[in-house]
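# Descriptive analysis of the structure
Each chain is listed here by its residues.
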Amino acid sequence: MPKSPLEQNWLRDVGAGLSGFLAALILFSSGIQIHAQERHDQPSKDLLTELKTYPHKIVYETNRDGNWELYLVNADGSDPVNLTRTPDIDELYPKPSPDGSKICFVADEGKGDAKKRNIYYMNSDGTDRIKVADNAREPCWSPDGSSIAYMKGEFEKFTYSDFATKGLFIYDLKTKSTRQHPNKDLLHLYTLNWSPDGKWFVATVHGGMGFQHGIIAFEADGDKVFDLKLEGCRPNLRFDGKKITWGHGDFCAGVADLDLTSSAPKATNIHNVVETKDPIETYHVIWSPDGKYVTYTRGPKATQKSLKGLLPEFPGVEAPGWNVCVADAAQRNRWAPITTDGKSCKQPSWVVVKDKRAAR
Amino acid sequence: MKPQGPVAFRQGKELAERQKGAEVKHFPVCYPPLRQPNELAEGSVFLKKSRKVCPWGASFGGRGAIYQFLVEIAPCGLMLAIFLSFVGCQKNNHAGSSARLPPTITTKGGLEMVLVPTGSFQMGSPGGKEDERSVHTVTVDSFLMDKYEVTQAEFDRLQLPNPSHFKGPTLPVEQVTWVQAAVYCNARSKAEGLTPCYNEDTAACDFQADGYRLPTEAEWEYACRAGTDSDFGFGSDVRKLGDYGWLADNSSKKTHPVGEKRPNAWGLFDMHGNVAEWCNDVYDKDYYRASPAENPHGPADGKEYVLRGGSWKSPAEALRSSSRLAESPGFSDACLARDAIGFRCVRKVPISQ
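Now for a description of the structure that goes with this document. Just so we're clear, the structure is a prediction, and the values are computed from it rather than from any experiment.

Let us now look at the interface of chain B and chain A. How big an interface is tends to be stated in terms of the accessible area lost upon association of its parts. Across the boundary between the two partners, chain B contributes 37 residues, which contact 29 residues of chain A. In this assembly, chain B packs against chain A so that about 2500 Å² is buried in total across both faces, 56% of it on carbon and sulfur atoms. Scanning the region where chain B abuts chain A turns up one salt bridge. The salt bridge partner of D301 of chain B is K305 of chain A, with a shortest N-O separation of 2.8 Å. For the pair chain B and chain A, the number of links is nine residue pairs in polar contact (both at pLDDT 80 or more). It is helix 4 (residues 178–191) of chain B that contributes the most residues to the side of chain B that touches chain A, six residues altogether. Partitioning the side of chain B that touches chain A into residue classes produces 17 nonpolar, twelve polar and eight charged.

Okay, structure coming up:
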């Protein structure tokens, strides 16, 4: 049916208005994008100032003199403290307990063919080291801090390859007993996380359990496994388990909403909070205790041709130029480096400081 | 060692002769090539009908058969026998009971390798993609090549993490980077007391080392062709491709145990399909225009490395003997998850032994 001139005018006006609105929206969006992209290599001074009053601390691995140690710093990178001071042992991959009182980590001990990767925990000031397991890696804490879950090494022979794991075990700090996860088929998992409700593990899988490569959620006391369909690796859960962050490719820190309450866990609303550009990579993203920030590692891509499998993102592999950074979890590319020496500063994790007066 | 005699493999004619069936009394090993042309003698005690062709492909180049026997074959056979006994290998004829197959050996690690003869071939394809069209003659020295793609059982045996998506001990290892493949080569070499070919710090390949390495692109194509100049190692009839390899049309979207399909004329399995195979060479689409005529080792540097043979998820086109693909080698990426990429190894024939 032909439209009246009045209807045609109305339609034309609305169409023009919508077009204008869309054009403005596109321009505005691209403006934001350009602005964000421009900031990928420009640290935020405001953020660094903001972090000076943030109470929680950060622990990370670093190689300053040919030996790996764990360093503890304030959120703005001030007051670094060497927690380990062991010239013959390489301490790596620190994971603080939920209350911040302890830190579990892996230690590469021995040389050559005798080299092993073992798991320990200690007080957050570096005292009272206790071994958890031999030939084990990828530890994480239970939400109540009473246990440490970890993966056994797949082989006796040492490897830096992070996915060389087989079997998940849980160590009880009080009884010093260990039990295996009921799913005996857990294979090639790394970056374990235990959900705050205690019901799930979230981890990266590479070439195992029927997966090519991806981030999965699996039951803490069962055998159900779900693909979260997130492209990338090394996930980390927020304090409430309702958000996840991960390495979204080699150059981005992704954030998504996470639903672990439904029968089939899923991640939605995927976006990036940090974007770097080749050759500067982004790895090891970890939520701050209140979810306000993420800490992560930033550094140049490996360019050397080597067969040692020594990729800078692997624990214990030298990463010249890599530094620990903090980014605002609510914005894109609002970030600041908290280490600047580039001495393989990576695998950062937040240490909860409950007593704010003791924070500084 | 570079061939010094006229041992070029003239594909069409020799293939036709080979198919007629040259009878032999012993395994002729066309290695090493001629060294003293003035020792030429007439007559034949070795090949009936004085055929100037090695039964499995390489030409004798018009010299007398006695000369061929004395100068080429007897020393080669002797060296091979010494080599086999010295390294504890056993000549394994079961897969090549026909005299037309090159000999195979079983390595200390228990893997079968085919002794690929010295020879020449036309590398590339005039009707192929742009990077294949500069067809050129390439001569390749004799080498040993894995009869099968490297399996996941091998990674377990050497205590290397198996990155494969589809799991199974007899399945080819996949999701493997060039770096992981080279690491395997070195681990396998060390396990057998051989000198690793790859420098761990630089990934440079020492072609003189006696250990395992990835085949050069020329070696791979030469071995895949096995004396043919057709699209595939068995001819150009694409309808037969399913008899020789796993590809998108018949794979049911997964890899399959190695060795289930028919081998090529030299007894090599799965050269077409199953998993695409890493070569040692850096990829350069223009490399054929300036490639050395003898034992080319690929460009000095580049971002991607060569893959050959196509895979279980490839169309027939990608499985052609001359088809070239390229992929990031994994020097800076541990999460490469291409479940269509695997490899097989080659090894220098140990002349000194």
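The strands making up a sheet associate through hydrogen bonds between their backbones, and the pairing can be parallel or antiparallel. Residue and element names in this part refer to chain A. On the basis of which strands lie adjacent, the open sheet formed by four strands has the order 4-5-6-7 and antiparallel pairing. Across the chains shown, the open sheet's two edge strands, defined by having one partner strand only, are strand 4 (90–96) and strand 7 (130–133). When strand polarity is set aside, the average angle formed by the axes of neighbouring strands in this sheet is 30°. Sheet topology note: the strand 5 (residues 102–109)/strand 6 (residues 116–123) ladder contains eight bridges and is antiparallel. Across the sheet, residue C104 finds its bridge partner in strand 6, namely Y121.

Here we come to the pairing of strand 10 (residues 165–172) of chain A. Residues and elements named next belong to chain A. The buried fraction of strand 10 is high, at six of eight residues. Relative to strand 10, strand 9 (residues 147–153) runs antiparallel, the two sharing six bridges. Pairing of G153 across the sheet is with T165, part of strand 10. As judged from the three bridges shared by strand 10 and strand 11 (residues 178–180), these two strands associate in the antiparallel manner. Residue pairing for strand 11: I170 is matched across the bridge by R179.

Residue and element names in this part refer to chain A. Spatially, four strands are ordered 16-17-18-19 in an open sheet, and the strand pairing comes out antiparallel. Edge positions in the open sheet fall to strand 16 (233–237) and strand 19 (266–275), since each of these has one partner strand only. Neighbouring strand axes in the sheet, compared pairwise and without regard to direction, differ in orientation by 25° on average. Here strand 16 pairs with strand 17 (residues 243–247) via three bridges, running antiparallel. When the sheet's bridge partners are listed, L237 is paired in strand 17 with I244.

Here we take up the nonpolar core. By size, the foremost hydrophobic cluster in this structure holds 37 residues, and its most contacted members are F155, W178, Y184, Y198, L214, W278 and F343 of chain B. Every element with two or more residues in this core is listed here: strand 3 (112–116), helix 4, strand 8 (276–282) and strand 9 (305–308) of chain B. Broken down by element, this core gets its largest block of residues, seven residues, from helix 4 of chain B. Apart from the residues lying within four places of it in its own chain, the contact partners of W178 of chain B are L307 of chain A together with Y198, A203, L214, W278, C279, N280, Y305, P329 and F331 of chain B. A218, C224, Y288 and V346 of chain B belong to the second largest nonpolar core, which has 22 residues in total.

Residues and elements named next belong to chain A. Under the criterion given, the structure shown has five cavities of 30 Å³ or more. Put simply, the largest cavity is a space of about 110 Å³. What lines the largest cavity is a set of 15 residues, and nearest its centre among them are Y93, T191, R234, H284 and Q347. Breaking the lining of the largest cavity down by element, the ones donating at least two residues are strand 4, strand 12 (189–194), strand 16, strand 20 (280–287) and strand 24 (346–351). A per-element tally of the lining of the largest cavity places strand 20 first, with three residues. Here the residues of the lining of the largest cavity are counted per class, giving seven nonpolar, three polar and five charged.

Residue and element names in this part refer to chain A. Applying the stated criterion across every chain, the model contains 22 aromatic pairs over all chains. Where W200 meets F226, the ring centres are 5.8 Å apart and the plane angle is 65°; that geometry is what we call edge-to-face. With W200 in strand 13 (residues 200–208) and F226 in strand 15 (residues 225–227), this residue pair connects regions lying 26 residues apart in the sequence. We note that W200, like F226, is buried. Linked through ring pairs, Y54, Y293 and W350 together constitute an aromatic cluster. The residue whose ring lies beneath R64 is Y71, and the NZ or CZ to ring-centre distance is 4.0 Å.

Here we take up the pairing of strand 6 (residues 143–146) of chain B. Residue and element names in this part refer to chain B. A two-sided burial pattern is seen for strand 6, the buried positions comprising F143 and M145 on one face and L144 and D146 on the other. Pairing between strand 3 and strand 6: four bridges, direction antiparallel. Within strand 6, the position partnered with V116 by the bridge is F143. Note: strand 6 against strand 12 (residues 346–348), three bridges, orientation antiparallel. Bridge assignment links F143 to a residue of strand 12, and that residue is K348.

What follows covers helix 4 of chain B. All names here are of chain B. Its 14 residues give helix 4 an end-to-end C-alpha distance of 20 Å, which sits within 8% of 20 Å, the value for a rise of 1.5 Å per residue. Of all 14 residues in helix 4, ten are buried, a share of seventy percent or more. Turning to helix 4, its buried residues number three or more, namely W178, V179, A181, A182, Y184, C185, N186, A187, R188 and S189. Looking at the buried positions of helix 4, the neighbouring elements they touch are strand 3, strand 6, helix 3 (152–157), strand 7 (212–213), strand 8 and strand 9.

What follows deals with the environment of L194 of chain B. All names here are of chain B. With respect to the helices, strands and loops of the structure, L194 is situated in the loop between helix 4 and strand 7. What makes L194 buried here is its relative accessible area of 14%. Separated by 50 residues in the primary sequence, L194 and Y244 have C-alpha atoms spaced 33 Å apart.

Calculation rules
- Residues numbered from 1 in each chain as written.
- Chains lettered and ligands numbered in written order.
- Predicted model: local features only at pLDDT ≥ 70, side-chain atom pairs only at ≥ 80, totals over all residues.
- Heavy atoms only, no water.
- Contact = heavy atoms within 4.5 Å.
- Buried area = accessible area lost by both parts, 1.4 Å probe.
- Salt bridge = Lys/Arg side-chain N within 4 Å of Asp/Glu carboxyl O.
- Polar contact = N/O pair within 3.5 Å; in protein donor to acceptor, adjacent residues only side chain to side chain.
- Helix = DSSP H or I, 4+ residues; strand = E, 2+ residues; numbered from the N terminus.
- Nonpolar A, V, L, I, M, F, W, Y, C, P; charged D, E, K, R; others polar.
- Pairing = 2+ DSSP bridges.
- Axes fitted to C-alpha atoms, helices over the stretch in contact; angles between N-to-C directions.
- Buried < 20%, exposed > 50% of the residue type's maximum accessible area, 1.4 Å probe, protein only.
- Core = buried A, V, L, I, M, F, W, Y, C linked by side-chain atoms within 4.5 Å.
- 1 Å grid on protein atoms, 1.4 Å probe; cavity = no way out; pocket = protein on both sides within 12 Å on 5 of 7 lines; lining within 4 Å.
- Points joined across faces, edges and corners; volume = space filled by probe spheres on them.
- Phe/Tyr/Trp six-rings, centres within 6.5 Å; stacked < 30°, edge-to-face > 60°.
- Lys NZ or Arg CZ within 6 Å of the ring centre and 35° of its normal.
- Expected span 1.5 Å × (residues − 1).

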